[in-house]
Amino acid sequence: MPRPTVLADRPMTARFEPARLLKVLLPLLAVIAAMVWAPLAQADLPGIPAFTVEPGAGEGQQEYSVTLQILALMTALTFLPAMLMMMTSFTRIIIVFSILRQALGLQSAPSNQILLGLALFMTIFIMKPVLEEANRVGLQPYLQEEMTSLEAVEAASEPFKKFMLAQTRESDLGLFMRMADEQFAGPEDVTFWVLLPAFVTSELKTAFQIGFILFIPFLIIDMVVASVLMAMGMMMLSPIIISLPFKIMLFVLVDGWALIMGTLAASYGL
C-alpha cells in the first residue's frame, strides 16, 4: 500500500507578500519623514529672492540680482548646441568630415562619435583667439565688477561678430538684408539677427565646395575600377568593394588627415 503523504513532514516556505510588506513600511517611512521635516520647518532658513533690481551708476541703467543672473545663465545653456553650430567653425568642419566619409565609401568608420569629437576639438583650436579676446574684453571685466552683465555680454559678442563678418560672403549678407528690409551704414552695424543666417549660409557653401574637391580623386578611382571590371566581363562584381582598398591606400599615402586639418585651418586664416 502506498504511504500517505504527510504535509507536516515538509518544511513550510514563506511566500513574499508585497501588500503586507507595504503595510509595514508605510508607517515607518512616515515617521522618518516627520523626523527629518520637523527641524527643517522650525529652522529660519533665508529665502531666495525671485527678482531684484538695483539702480546702476548711470541714468536709465539697472542691475539684476545674482539669483536672476544664474537663472538666465542656466536658461542660456540650453542654447549652447545651437550657438556652437551657428557662431563657430563647427558647421564647416563636421560637414567636410561627413562628405569625406561618404567619398571613401565607409559607412560607419570613423564613427559619428569620433567625427563629432574631432570636429569639436578642431573648433576649439580654430576659435581659440576669438575665445581669448571675448574673455579679455567681456568676462574678466565683469568678474572684476568693472561692468554690468549686459555690458559684458555686449563686449564679449564683438569678437564673435568680427569672426563671423570675416567668414561671411557679401552676397549672402546682402540677401538677408533684403529679406529683412534693413540697410546698414557699414558691416560693423549689422545686427546678429541678420548676420547669423548669412554666416551659416556662407559656411554651408564653403563646406560643400571643399567637399566637392575632396570627392573628385575618389570618384576617379571608382570610375577606373568600374571600367576595368566591365572590360574584364566582371559586371556582377560591385566596383565599390574593389575600389575601397585603393581609396584607403591613396588617402593614407598622401597623409589625408593632415591635409584636411591643414586645409580647414587655412580656410580660417590660421
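Structure: see above.
Residues numbered from 1 in each chain as written. Predicted model: local features only at pLDDT ≥ 70, side-chain atom pairs only at ≥ 80, totals over all residues. Heavy atoms only, no water.

Caption draft 1: Structural context of helix α10 (residues 256–266). Three or more residues of α10 are buried, namely G256, I260, M261, L264 and A265. Down the axis of α10, the smallest arc covering the buried residues is 160 degrees, so these residues share one side. Each element contacted by the buried residues of α10 is listed here: α4 (90–104), α5 (112–143), α8 (192–231) and α9 (239–253). (Buried < 20%, exposed > 50% of the residue type's maximum accessible area, 1.4 Å probe, protein only. Helix = DSSP H or I, 4+ residues; strand = E, 2+ residues; numbered from the N terminus. Arc of directions from axis to C-beta. Contact = heavy atoms within 4.5 Å.)

Caption draft 2: Spotlight on the nonpolar core. If you look at the biggest cluster of nonpolar residues, it comprises 40 residues, and the most contacted ones within it are F97, I260 and L264. Elements that contribute at least two residues to this core include exactly α4, α5, α6 (149–167), α7 (170–180), α8 and α10. In terms of residue count, α4 provides more of this core than any other element does, 10 residues in total. If we skip the residues at most four places from it in the chain, I260 touches V96, F97, L100, L214 and F251. (Core = buried A, V, L, I, M, F, W, Y, C linked by side-chain atoms within 4.5 Å.)

Caption draft 3: Spatial organisation of a nonpolar patch on the surface. On the surface, a cluster of nonpolar side chains totalling about 840 Å² of accessible area is made up of F212, I213, I216, I220, V224, V228, M232, M234 and L237. You can see V228 is positioned in helix α8. Looking at V228, the relative accessible area reads 44%, which means it is partly exposed. (Patch = residues over 30% accessible without salt bridge, like charges linked within 9 Å, V, L, I, M, F, W, Y side chains within 5 Å. Areas by Shrake-Rupley, 256 points an atom, 1.4 Å probe, with all protein chains shown as cover. Salt bridge = Lys/Arg side-chain N within 4 Å of Asp/Glu carboxyl O.)

Caption draft 4: Summary view of the packing of α4 against α9. Where α4 meets α9, the axes come as close as 9 Å, and the angle between the chain directions of the two elements is 135 degrees. Considering the angle they form, α4 stands oblique to α9. Contacts between α4 and α9 pair L100, A103 and L104 from the former with L244, K247 and F251 from the latter. Across the contact of α4 with α9, the residue classes break down as five nonpolar, no polar and one charged. (Axes fitted to C-alpha atoms, helices over the stretch in contact; angles between N-to-C directions. Parallel < 35°, antiparallel > 145°, perpendicular 65-115°, else oblique. Nonpolar A, V, L, I, M, F, W, Y, C, P; charged D, E, K, R; others polar.)

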